[in-house]
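Remarks on the overall topology
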Amino acid sequence: EMKLQEMKTLSQNFSKKRAKLETKIEATLTDLDALRERFENRESRAEDVEHIKALQKFAAEQAALRKKAVDDLKFYKLELINREE
């Protein structure tokens, strides 16, 4: 009888602790989801935006230089062809 009561008490205590832990785990997972969403939707840092703009400007300048070089090459090739004629 005593052991049965003791087992019943231990089982109840275990169930209560397990329920508390499950609630804590659920709350932690909810917090984690909220933090993930906040991280994914965060604002860009000003220095990152400036760096991106600088890289875009550099890329545009390089593209313009490349186009000018191709155009110059075509021009000089035509000049050579014209001079050979």
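Residues numbered from 1 in each chain as written. Predicted model: local features only at pLDDT ≥ 70, side-chain atom pairs only at ≥ 80, totals over all residues. Heavy atoms only, no water.

Summing up its helical and strand segments, the protein chain has two helices and zero strands in all. Expected size for 85 residues packed as a compact globule is a radius of gyration near 12 Å; at 36 Å, the protein chain overshoots this value by more than 25%. C-alpha atoms of the protein chain, sized along the principal axes, occupy 120 × 30 × 10 Å. The buried share of the protein chain, taken over its 85 residues, is 0%. Summing over all exposed atoms, the protein chain offers an accessible surface of approximately 8,900 Å²; the carbon and sulfur share of this is 59%. (Helix = DSSP H or I, 4+ residues; strand = E, 2+ residues; numbered from the N terminus. Rg over C-alpha atoms; globule rule 2.2 N^0.38 Å. Buried < 20%, exposed > 50% of the residue type's maximum accessible area, 1.4 Å probe, protein only. Areas by Shrake-Rupley, 256 points an atom, 1.4 Å probe, with all protein chains shown as cover.)

Evaluation of the coordinates by the stated rule reveals six salt bridges. Residue arginine 45 pairs with glutamate 47 through a salt bridge whose shortest N-O separation is 3.5 Å. When its relative accessible area of 46% is taken as the criterion, glutamate 47 is described as partly exposed. With a shortest N-O distance of 2.8 Å, lysine 68 and aspartate 72 are connected by a salt bridge. Note that lysine 68 and aspartate 72 are positioned in helix H2 (residues 46-84) at a spacing of four residues, about one turn of the helix. Lysine 68 sits in the partly exposed class, given a relative accessible area of 49%. Overlapping salt bridges, with partners in common, bring together Arg45, Glu47 and Asp48 in one network. (Salt bridge = Lys/Arg side-chain N within 4 Å of Asp/Glu carboxyl O.)

This part takes up the packing of aromatic side chains. For the structure on display, the rule yields one aromatic pair. Ring centres of phenylalanine 75 and tyrosine 76 lie 5.4 Å apart, and the angle between their planes is 70°; this geometry places the pair in the edge-to-face category. On the basis of relative accessibility, which here comes to 52%, the residue tyrosine 76 falls in the exposed class. (Phe/Tyr/Trp six-rings, centres within 6.5 Å; stacked < 30°, edge-to-face > 60°.)

A few words now on the environment of alanine 63. In this fold, alanine 63 is placed in helix H2. Separated by eleven residues in the primary sequence, alanine 63 and isoleucine 52 place their C-alpha atoms 16 Å from one another.

A cluster of nonpolar side chains, namely Ile25, Leu29 and Leu32, defines an oily patch on the protein surface of about 270 Å² accessible area. Structurally, leucine 29 is set in helix H1 (residues 2-40). Accessibility expressed as a relative area gives 48% for leucine 29, which makes it partly exposed. (Patch = residues over 30% accessible without salt bridge, like charges linked within 9 Å, V, L, I, M, F, W, Y side chains within 5 Å.)

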